Amino acid sequence: MKRLVRAALDDLIPSGGPMPGIIDAGWDDFVDQYKREASTQLWLGVVAGAVVYTVTPILTVRRPVLSYQLPPDLRDTHADRVTNHRFYLVRQAVFLLKLSAGFAWGADAGVRSKINLPPYESDPGTWRS
Amino acid sequence: MSHISHRRRWNNLALEADYVVVGSGAGGATVANQLARGGADVVLVEAGAWRDPQDYPQSAFGGMRDLMDDFGTTITRGRALWPVVQARTVGGTTVVNSAIAVTTPDDIFELWSERFGIGGEVFRSEVLRFQSELDEELCVEVAPAHTRGRTNELAMAGSKALGIEGHYMRRYVKDCEGSGYCMSGCRAGHKKSLNLNFIPEVLERGGRLLSNAPVKRVVFEGNRATGVVGRFFHPTTKRKGGRFQVRARRAVVVAASATHSPCLLQRSNLRSPALGRYFRAHPGAGIFGVFEDPVDMNIGNTQGWASLEHRNKGGFKLETLSVPPEMAMTRLKGGGRKYVERLADYRHLTMWVHALRAESTGTVRNGLFDKPAVSYTLDSGDMHRFREGMATVAKLQFAAGAKAIIPGIYGLPYKLGPDEVHLIEDGPTDPRNYLAILSHLFGGCVMGTNPHTSVCDVHGKVHGHEGLYISDASMIPSVLGVNPQHTIMGLARWVGANLLES
């Protein structure tokens, strides 16, 4: 499932643009922390979002294939259209995927440096005992 | 021991006190503090962990993990799936909000008196007196000029250009540095969240605090509440720990929030036709302005400017809101290469929002795994006013000099120019077209005089039961149209003062 989520996110926030893509922003390291620390319900939502993303090219670019089987240009078109699809649950599922990616992307030091923000200090995860 | 943060399985705990207060947010911490000052023996029970400023996370992920209720995954069940935002930590939502202090407006007291038969002059003057005390104790001051940041100054310029009221906010913050981290907890400790003042004072006065201690149910003997039971929960491993039982000699005060208080009383088999009903909120949504020069919205007060111009006519409040890149990217539409280009605009964006004084009501029910199930949908009248709020934010952005706006409304173009605001004014009224959140929550255990339509009376006493009180936003029977923390705390002091007198 991690590979499916990774492939979907790589399409949604690809590398090579003016900002780092999600893979450059450390998704592969983040995903293990996410699975461990986020609620199971949230991780299941992310997986569901990735599944929806993967099976919906038929709705966006009229091709009866899985998203990772599309040629690069159509994949980019699918990534854009699926976030704005007329079916509410489709775009909400992908919204959840983007939300989760955002946790990694927005916290990445490289991304933050590009938008003039200092890197985050670590999240200690401590509490008063 | 005055603070017990966790007990291992089988290592159970039994305590007794005059009062047990469930929940340590604006309502719970304030009433516990009031009772402790009055000499009562208080046990405060909080589902979340006690985190000090050095424990606060900085990233949005850390904030959701460490400070938010159930990782922020509570969403409304209704036509649209909108997040219901509240904290779960010692100090409650006061740790993660923007510390905005707004005195309860006079028209709210009039509304409560006319529609619900609550209050009167003594009630009004006492609540206002308590709020005045809170202003002093929690160092309420207007956001200082050097900490405002460009986004708040632009909003002020926009409101002047539009000819509408606008003001810099009064906040519970002393010596703000404008670091922009209000919502993940102020590491500098300048924000006067209640984990830093009222709760330590409760302990200094001999009170006790159980943290990581979600309450399962209130215990009754006949119609009298005599305590609470629950089980510790480890905040990292998420494993259940030992059981706890706290016996209350005088009263149990429920202050677990507008979603958790009704659920707790439902789990406790409290019979009231009004329990879980009349849930209300201020649904909020925002619009990005795109400015020629960098705005750097994350520098300065997270929220420093507001307008009450439309509070009565129109029914919404306007505010600035700085969102970190983690959250901003989810609100920008699209995917793929075009989307990554859009993300590069972050430094040039402002996010200004409106919070609707919605009349629609919903319900709260205890759901699976004791998670609140919130059913809530805005009706047509509210959706028309919601849309008007969005259009007003758009006009404000252009009046402040934005070259374009990003409305984030499904069905509308990604960016709109100054002559395209009518597309929002004539835009959709289906809530599914908007990305909104519910951040100010009210009701579920509303106060009133009629036991068929309310759960408690004006003193927070639950109808038909002895020794059981409500002291949080769940007792508020209407929306306020302003940020609720000051009202919640004023009411909590009122409830506490009456408990001490009785």
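Quick look at the side chain of H440(B)
All names here are of chain B. Tracing the sequence through the fold places H440 in strand β18 (residues 437–442). Judged by relative accessible area, which is 13%, H440 ranks as buried. Of the polar contacts made by the side chain of H440, one reaches the side chain of H282; its length is 2.9 Å. In contact with H440, other than residues within four places in its own chain, are R280, A281, H282, V482, N483 and P484.

Structural notes on the interface of chain B and chain A
Taken together, the contacts link 59 residues of chain B with 51 residues of chain A. Roughly 4,700 Å² is buried in total at the junction of chain B and chain A, and carbon and sulfur atoms are behind 58% of that figure. A per-residue breakdown of the area chain B buries against chain A is headed by F61(B), V340(B) and Y410(B), which together make up 14% of the total. At the boundary of chain B and chain A, one finds six salt bridges. Between R65(B) and E37(A) there is a salt bridge, with its nearest N and O atoms 2.7 Å apart. Scanning the region where chain B abuts chain A turns up 23 residue pairs in polar contact (both at pLDDT 80 or more). Among the secondary structure elements, those contributing two or more residues to the side of chain B that touches chain A are α2 (60–67), α8 (325–331) and α9 (337–343) of chain B. Residue contributions to the side of chain B that touches chain A peak at seven residues, all from α9(B).

What about the packing of aromatic side chains?
Overall, the coordinates contain 18 aromatic pairs over all chains when judged by the stated rule. On the basis of an interplanar angle of 55° and a centroid distance of 6.4 Å, the ring pair of Y120(A) and Y181(B) is categorised as tilted. With Y120(A) in the segment after α7 (109–114) and Y181(B) in the loop between β6 (170–172) and α6 (198–204), this residue pair bridges two chains. Each of the two residues, Y120(A) as well as Y181(B), counts as buried.

Here's the deal with the side chain of K98(A)
With respect to the helices and strands, the residue K98(A) is situated in helix α6 (residues 88–105). Buried K98(A), no salt bridge; nearest opposite-charge side chain is D80(A), N-O distance 7.6 Å. From its side chain, K98(A) meets the backbone oxygen of G334(B) in a polar contact 2.8 Å long.

Some thoughts on the pattern of salt bridges
Residues and elements named next belong to chain B. Evaluation of the coordinates by the stated rule reveals 42 salt bridges over all chains. With a shortest N-O distance of 3.0 Å, D18 and R249 are connected by a salt bridge. Pair noted here: D18 is in strand β2 (residues 13–22) and R249 is in strand β10 (residues 240–254), with a separation of 231 residues, a long-range link. A residue is classified by how much of its surface remains accessible, and D18, at 12% relative accessible area, is buried. Here R249 falls in the partly exposed class, since its relative accessible area comes to 42%. For K317, the salt bridge goes to E319, with nearest N and O atoms at 2.9 Å. Pair check on accessibility: K317 and E319 agree, each one buried. Connected through salt bridges with shared partners, the residues R37, E126, R129, E133, E137, E201, R205 and R493 form a single ionic network.

A short note on a nonpolar patch on the surface
All names here are of chain A. Among the surface-exposed residues, M1, V51 and V55 lie close enough to one another that they form a single nonpolar patch of about 270 Å² accessible area. In this fold, M1 is placed in the segment before α1 (2–12). Judged by relative accessible area, which is 61%, M1 ranks as exposed.

Rules used in this analysis
Residues numbered from 1 in each chain as written. Chains lettered and ligands numbered in written order. Predicted model: local features only at pLDDT ≥ 70, side-chain atom pairs only at ≥ 80, totals over all residues. Heavy atoms only, no water. Helix = DSSP H or I, 4+ residues; strand = E, 2+ residues; numbered from the N terminus. Buried < 20%, exposed > 50% of the residue type's maximum accessible area, 1.4 Å probe, protein only. Polar contact = N/O pair within 3.5 Å; in protein donor to acceptor, adjacent residues only side chain to side chain. Contact = heavy atoms within 4.5 Å. Buried area = accessible area lost by both parts, 1.4 Å probe. Salt bridge = Lys/Arg side-chain N within 4 Å of Asp/Glu carboxyl O. Phe/Tyr/Trp six-rings, centres within 6.5 Å; stacked < 30°, edge-to-face > 60°. Lys, Arg positive; Asp, Glu negative; His and termini not counted. Patch = residues over 30% accessible without salt bridge, like charges linked within 9 Å, V, L, I, M, F, W, Y side chains within 5 Å. Areas by Shrake-Rupley, 256 points an atom, 1.4 Å probe, with all protein chains shown as cover.

Purely geometric numbers; function is a separate question.
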